[in-house]
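# A closer look at the structure
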Amino acid sequence: MQTLRKIKHLVLLFSLFLFTGCLGEGDLDCDAIAAEGLTIQFLYNINPEFTNKISEVVEYIDLYIYKETGELYREVRLTKEQLEATNYKYSASLPNGTYKLATWMNNGDCYYREDTENFSDAGVRIKCNGNQEISENTAPLYYGYIDRQYAYEYEEEDAIVEIGKNPVRLNINFARNTNHIRVDAQFDRIPHIDDKINIKLEGKNGICNFYNRIPPYTGSIRNDEEMDEEMNSHLPTYIYYPYETSEAFNDLGYYYNYTSRLTTQRLWENDGMNIQIAYHENGLSEKVLINDKLTDLIMQNPLFSNSFHLERYANYHIIFQFDKEGDAWVIADIIVNDWHLIKQDENPGIGYE
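Below: a short report on this structure. Because the structure is a prediction, the values reported are computed rather than measured.

Moving on to the overall build of the chain. Within the chain, the regular secondary structure consists of six helices and 22 strands. Summing over all exposed atoms, the chain offers an accessible surface of approximately 17,700 Å²; the carbon and sulfur share of this is 49%.

This is the structure in structure tokens:
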């Protein structure tokens, strides 16, 4: 009798397998009987604390699965509720073969998804006006890497999976693309009421391909700044203006502080991003006080010494202190997240919090 029951159970299981082709699957959109399982664990550890904070930031995740030829095989949007129910995992069955994955988190109304049908053409572009100008506090966007949490070379590893004899388990770790930049321009005297200070950021980072680099991406990290600029010369320049400004007065050291808050997209070594501060004094022509590489300045703080560190952090506070010497404004100090780049022994000035 026990043997008969076992045989009936086996027949039933085999019948289910034949009719559904999805036995044991977590994905309703499953494939052929010969498929094998893929399970992805989603994390958000690429942050200052190296702590998994995905539950705090996720709204939804877009997963793109591409064939070896680069054609889109499957696109899946996973909601916060679905992810919470599976402990931030996704399982699916895929026919044997090689696949390339691309994963974005919270790719919302601030961004366009473009040409996703083919991996080499796919990209994410920030929404802006026709002049590529952005003055909004853009919602954060996150990109998923193969999880190599402490290795700088994590960026060089494509998210490629081989589906064969055994199920595949994979960790995708997100990094934040969107950065908040606070710029304080401090002056050793109170300006005229009609004086104006203009601050902007410029760069090519308004669009990223599915390697999370500005196109074209050659498959390896490029550290040659001139070559990077030559390759990217055909891309539009995006201009980021402050979404908020304020001013404060002090009775010690630097009497006037002009604060600008800007949001920009991904920063990395040799990205060519530029920061400009211009001062239009009453009755005089505008003078450019700062025209420098933003990321180079940030990376002078040892905390941000390579592209992986820039991926971990998203909030930067840069203070420029200016002294008036004759008719010219002279830089007395530049401070990046409490790190002094130009330390003056005499009258270093007062920083603002």
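Phi at Asn106 is positive, roughly 60 degrees, even though this residue is not glycine. Within the secondary structure layout, Asn106 lies in the loop between β5 (97–105) and β6 (111–114). A residue is classified by how much of its surface remains accessible, and Asn106, at 7% relative accessible area, is buried. Of note in the backbone geometry, Asn212 takes a positive phi value of approximately 65 degrees without being a glycine. With respect to the helices and strands, the residue Asn212 is situated in the loop between β14 (207–209) and α4 (225–231).

Scanning all chains against the criterion turns up 21 aromatic pairs. Judged by centre distance (5.8 Å) and plane angle (55 degrees), the rings of Tyr73 and Tyr99 are tilted. Linking Tyr73 in strand β3 (residues 72–79) with Tyr99 in strand β5, this pair joins segments that are 26 residues apart in sequence. On the accessibility criterion, Tyr99 (6% relative accessible area) is buried. Measuring from centroid to centroid gives 5.0 Å for Phe187 and Trp329, while their planes differ by 75 degrees, and the two rings are edge-to-face.

What follows covers the sheet that holds strand β22 (residues 339–340). Judged by pairing direction, the sheet is mixed, and its six strands sit side by side in the order β16-β17-β12-β20-β21-β22 without closing on themselves. Edge strands, defined here as strands with exactly one partner in the open sheet, are β16 (244–249) and β22. Examined bridge by bridge, strand β21 (residues 328–336) and β22 share two bridges and lie antiparallel to one another. By the bridge assignment, Val336 is partnered in β22 with Trp339.

This part takes up the nonpolar core. Core analysis: the biggest nonpolar cluster contains 54 residues, and Phe187, Phe210 and Phe320 have the highest contact counts within it. Grouped together as the second largest cluster of nonpolar side chains are 28 residues, Leu38, Ile40, Tyr44 and Ala159 included.

Below, the discussion takes up the pairing of strand β7 (residues 123–126). Of the strand pairs in this sheet, β6 and β7 are connected by four bridges, and their pairing is antiparallel. Within β7, the position partnered with Tyr111 by the bridge is Ile126. Bridge count between β7 and β14: three bridges; the pairing is antiparallel. When the sheet's bridge partners are listed, Gly123 is paired in β14 with Asn209.

Thresholds applied
Residues numbered from 1 in each chain as written. Predicted model: local features only at pLDDT ≥ 70, side-chain atom pairs only at ≥ 80, totals over all residues. Heavy atoms only, no water. Helix = DSSP H or I, 4+ residues; strand = E, 2+ residues; numbered from the N terminus. Areas by Shrake-Rupley, 256 points an atom, 1.4 Å probe, with all protein chains shown as cover. Buried < 20%, exposed > 50% of the residue type's maximum accessible area, 1.4 Å probe, protein only. Phe/Tyr/Trp six-rings, centres within 6.5 Å; stacked < 30°, edge-to-face > 60°. Pairing = 2+ DSSP bridges. Core = buried A, V, L, I, M, F, W, Y, C linked by side-chain atoms within 4.5 Å.

Just distances and angles here, no functional claims.
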